[in-house]
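# An overview of the molecular structure
Given next are the chains, with one letter for each unit.
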Amino acid sequence: MFAYYFQLGLHSLRRHPVLTGLVIITIAFGVGSSMTAYSLYRGMSGDPIPWKSSRLYFPQVDGWGPQARNGGSEPADALDYIDAAALLHAHRAPLQSAIYGIAPTVYPDDPSQKSIATPGHAVSSEFFPMADTPFLFGTGWSTADDENRARVLVISKHLNQRLFGGANSVGKSIHLNDDSYRIVGVLNDWHPQPRFYDLATNDAFGPADELFLPFATAIDAQMATTGNFGCGNKLPAPGFTGTLNSDCIWISYMVELDSAAQVRTYRDYLDGYAHAQQTSGRFAWPPNNRLRDLPVFMDFEQVVPSETKGVVVVAFCLLLVCMVNAVGLLLAKFLSRSGEIGVRRAMGASRMAIAAQFGMESAAIGLVGGALGLVLTCVGTMRIRGALPSQVANLIRVDPSLLLETLLLAIAATVLAGFYPTWRAARVTPALQLKMD
Amino acid sequence: MAVHPIISALRRHKAGAVLITLQIALTLAIVCNCLFLISDKIEKISRPSGLNESDLLMVTTTHTGMNADTAAGQAKLEASIAGDLSALRHLPDVADAYETNSLPLSNNNWALHLRLAPDARDGPGTSFFESDAHTLATLGVRLVAGRNFRDDEVTGRSGLGALEPVVIIVTKHLADQLFPHGDALGKQVYFSSTTVPSTIIGIMARMQTSHAESVLPDRTWNSTLVPIRLVDSSRYYVVRSRPGHLAAAMKSVPAALYAQDPQRVIPDGADENAGVRSFAQIREQAYQSDRTLAVSMGWISAILLVVTAVGIVGLSSFWVGQRRRQIGIRRALGATRGNILGYFHLENLVISVVGVVIGTALAIGMNLWMVTQFQMDHLPVPYVVAGAVILLLLGQGAVWAPALRASKVSPVEATRSA
């Protein structure tokens, strides 16, 4: 029955070509622009590690006090070295890591090659199991390497390709800054976006990390951070030691907590730590800590800028206007066939049958509008990719799920817009129409 | 022509009339907010930075392994910087050059607060740019009062400690914030957490800070030049090429720097990570998101207007089709073509005016919501007026073709069927 109505619907598309064309164009533009905006939003707001994002937590300790907060209540989002080192030393979570961005220079053995500053992060050994990094060769380093400030590192597949032509390089050494470092692991392709483990001090979207060093080793080698560096009430004394002893924040911190009880325990530990700092006189204010999980922390760090959210809102308002427009056009299209409806009603078609017929006709129009909307979505995403910085543009993907959502949205929007015109069509009385004709 | 018969006729097409009214209202609400946002962004993007931006380029260079914490390392770095600058300034493509930590719009912000007395609370925030006697000439920034730095005033500094220059040059905007009576020249101020004063010896007409987007809108013009040589393995060189030699300088400058030190790193990356960028590129990258937003809003507005016009054309055509007999009767009774044309235009005007009135309220409501969500300003009246005029004209334009068809209905139609 519905198949027959659907055929009728497709057939009647040709009956009022102008009106039908206008509805199709309207739906296509509405769906095309809202799906283009949505594809950007989807790319930027995606969960980079969905299987455990609610178990990754980002502790914040208020190392600056009320004076630096300017009336607000939020503590800074990153840690200074003193707090990061204390949290690492206490080791109260099952897994934890201090994290900061580095860009040491890789000096090639072949002097004719250019030396290249290579972006990466200094992390603790527990970072790798926490972030579920895929290894191509080898593994991460051991906790003993953390403690001994071992000159070891993990490199990306890309860097391994460039330096060793893709061969297993575990055990080989490379020259970083002033020292030689031994490779213990090579990662497989791994480029989580947004870069969830360092939202506090670096851009959420950027090139993939090429190397990972032990945190203590990077500190020992006096590698400066490549991320944000902010100071509260006092500037650091000159030199790297001055930075380490200051209240300036530049270190991200991530812990894995697997149960509500562990979260509670860790919260208590943080409060106890801040309280001890207050007692010892380092903090002149009561504990003011935060412990947010990844989804909440992403929202707090505004990974998706509010302006992007604004564009999505406006684009869906555009879809709303298009639907209002489609209601009017479908009303005109359906009611101009009052005569036909009257005949069918007089020949015994029930109101439900008329409603079903015109409902299917809306769906048919929606399908064609959706097909055109697909084309417009592709054009729109291509244009917007060209207008965005490359690291954000790469997040926009036109994949089967986006295409399916576009079609479904178009059909849903058209059927919804067709409700009132369908209802009007079903109310056409048989007798009056027959008399009129 | 009387409006009364139009309104009674519309009562018979309630649904269509309500739909067009609603559509015009929604379109107006969205379009005038979009227009406001677009003009806001255009104004932001076209602000002059205060620099003479043509023929300007910036190079990022790093050479790790020279430790600025030791005296030997510092001496090595100082020699390297002096060698680089001398090589750059002698290049045939180059007019002038200096070494620094940052550049306006470069998105690399170094900021501190200034205060008027050592025991006072922090005053206005300012971006600081490490400079020498060549900075003003290289950037093309104009002094409105005072003098430039002298070579002997420039001192070396490494790391992140307190900033204690003896003399500084500030923008007029910052000078007026510090000293509202306009007597900043010669006065002393203090950078964050130091008790060593800095004397203002020069006032610049205008110089933008490193961020296109400032947390506080007032900060955008709070720039300070400090006579400091950044003694660090990672630094910027800002170069003014001879007029018209920018493209050549973008090749010869990194080549000269590599000749000075073959082991240094000048990144090859794209966009913001590129090691050599012209100021035009820096400006484009700084405002890229603003431009994208403005263009997106422009597309959305254009699509909205087209869709609304399409809706008016569609429904008006339907109405004309429905009323062919009535039109025929009016024509038979002596109405001219102009009367029929006028009728449909007036009908559209009545609907549009109602839509515009409702739309104005919606526009203001939407703006108030956006003010709380997206740091927007309040919608000025001219944008609402402009939006209303655009929609009224759009309605009249869209109804023209159906109305023309209606006016061509022959009086004979009055006698057909029924």
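Details of the structure are given in the entry above.
Residues numbered from 1 in each chain as written. Chains lettered and ligands numbered in written order. Predicted model: local features only at pLDDT ≥ 70, side-chain atom pairs only at ≥ 80, totals over all residues.

Within chain A, the secondary structure is distributed over 17 helices and twelve strands. Taken over the C-alpha trace, chain A has a radius of gyration of 30 Å; the compact-globule value for 437 residues is 22 Å, which it surpasses by more than 25%. Structurally, chain A occupies a C-alpha span of about 95 × 55 × 35 Å along its principal axes. A buried classification covers 47% of the 437 residues belonging to chain A. Restricting the contact set of chain A to residue pairs at least 6 apart, pairs at least 24 apart contribute 80%. (Helix = DSSP H or I, 4+ residues; strand = E, 2+ residues; numbered from the N terminus. Rg over C-alpha atoms; globule rule 2.2 N^0.38 Å. Buried ≥ 20, exposed ≤ 12 C-beta atoms within 10 Å, placed from the backbone. Contact = placed C-beta atoms within 7 Å.)

Moving on, we come to the packing of helix H12 (residues 306-335) of chain A against helix H16 (residues 400-426) of chain A. Residue and element names in this part refer to chain A. Here H12 crosses H16 at 35°, and the two axes come no closer than 8 Å. Crossing angle aside, the handedness with which H12 passes H16 is right-handed. Along its contact with H12, which presents Leu-319, Met-323, Ala-326, Val-327, Leu-330, Leu-331, Phe-334 and Leu-335, the element H16 presents Ala-413, Thr-414, Leu-416, Ala-417, Gly-418, Tyr-420, Pro-421, Thr-422, Arg-424 and Ala-425. When the residues that make up the contact of H12 with H16 are grouped by side-chain class, the tally is 14 nonpolar, three polar and one charged. (Axes fitted to C-alpha atoms, helices over the stretch in contact; angles between N-to-C directions. Left-handed = near helix turned anticlockwise from the far one by under 90°. Nonpolar A, V, L, I, M, F, W, Y, C, P; charged D, E, K, R; others polar.)

What follows covers the nonpolar core. Ile251(A), Leu318(A) and Leu28(B) are the most contacted members of the largest nonpolar core, which totals 180 residues. Of all the elements, H12(A) adds the most residues to this core, at 17 residues. Non-local contacts of Leu28(B), meaning those with residues more than four positions away in its chain, are made with Val356(B), Gly359(B), Thr360(B), Ala363(B), Gly387(B), Ala388(B) and Leu391(B). (Core = buried A, V, L, I, M, F, W, Y, C linked by C-beta atoms within 7 Å.)

Now for the sheet that holds strand S13 (residues 276-278) of chain B. Residues and elements named next belong to chain B. Taking strand neighbours across the sheet as the criterion, the four strands line up as S2-S12-S1-S13 in an open arrangement whose pairing is antiparallel. The sheet is open, and its two edges are formed by strand S2 (94-100) and S13, each paired on a single side. With strand direction ignored, the average angle separating the axes of adjacent strands in the sheet is 20°. Inspection of the sheet shows strand S1 (residues 56-62) paired to S13 by three bridges, in the antiparallel sense. Each bridged residue has a counterpart across the sheet, and for Met-58 the counterpart in S13 is Arg-277. Strands in contact with helix H3 (residues 71-89) are S2 and strand S12 (234-241); relative to S2, the strand with the most contacts, it is inclined by about 160°. Along the sheet, helix H7 (residues 279-286) makes contact with S1 and S13, crossing S13 at roughly 85°. (Pairing = 2+ DSSP bridges.)

A few words now on the interface of chain A and chain B. Of the residues lining the interface, 45 residues belong to chain A; the matching set on chain B comes to 45 residues. Contributions of two or more residues to the side of chain A that touches chain B are made by helix H2 (17-45), strand S4 (116-117), helix H9 (240-244) and H12 of chain A.

This next bit is on H3(B). Note that an α-helix has 3.6 residues per turn; residues three or four places apart therefore point the same way. Residues and elements named next belong to chain B. In this model, H3 (19 residues) spans 27 Å end to end at C-alpha, consistent with the 27 Å of a helix rising 1.5 Å per residue. All of the buried residues in H3 are Leu-77, Asp-84 and Leu-88. Around the axis of H3, the buried residues are gathered within 30° of arc, so they sit on the same side. Exposed side of H3, more than 90 degrees from the buried face: Ala-71, Ala-72, Ala-75, Ala-79, Ala-82 and Ser-86 are the residues found there. Looking at the buried positions of H3, the neighbouring elements they touch are S2, S12 and helix H6 (246-260). (Expected span 1.5 Å × (residues − 1). Arc of directions from axis to C-beta.)

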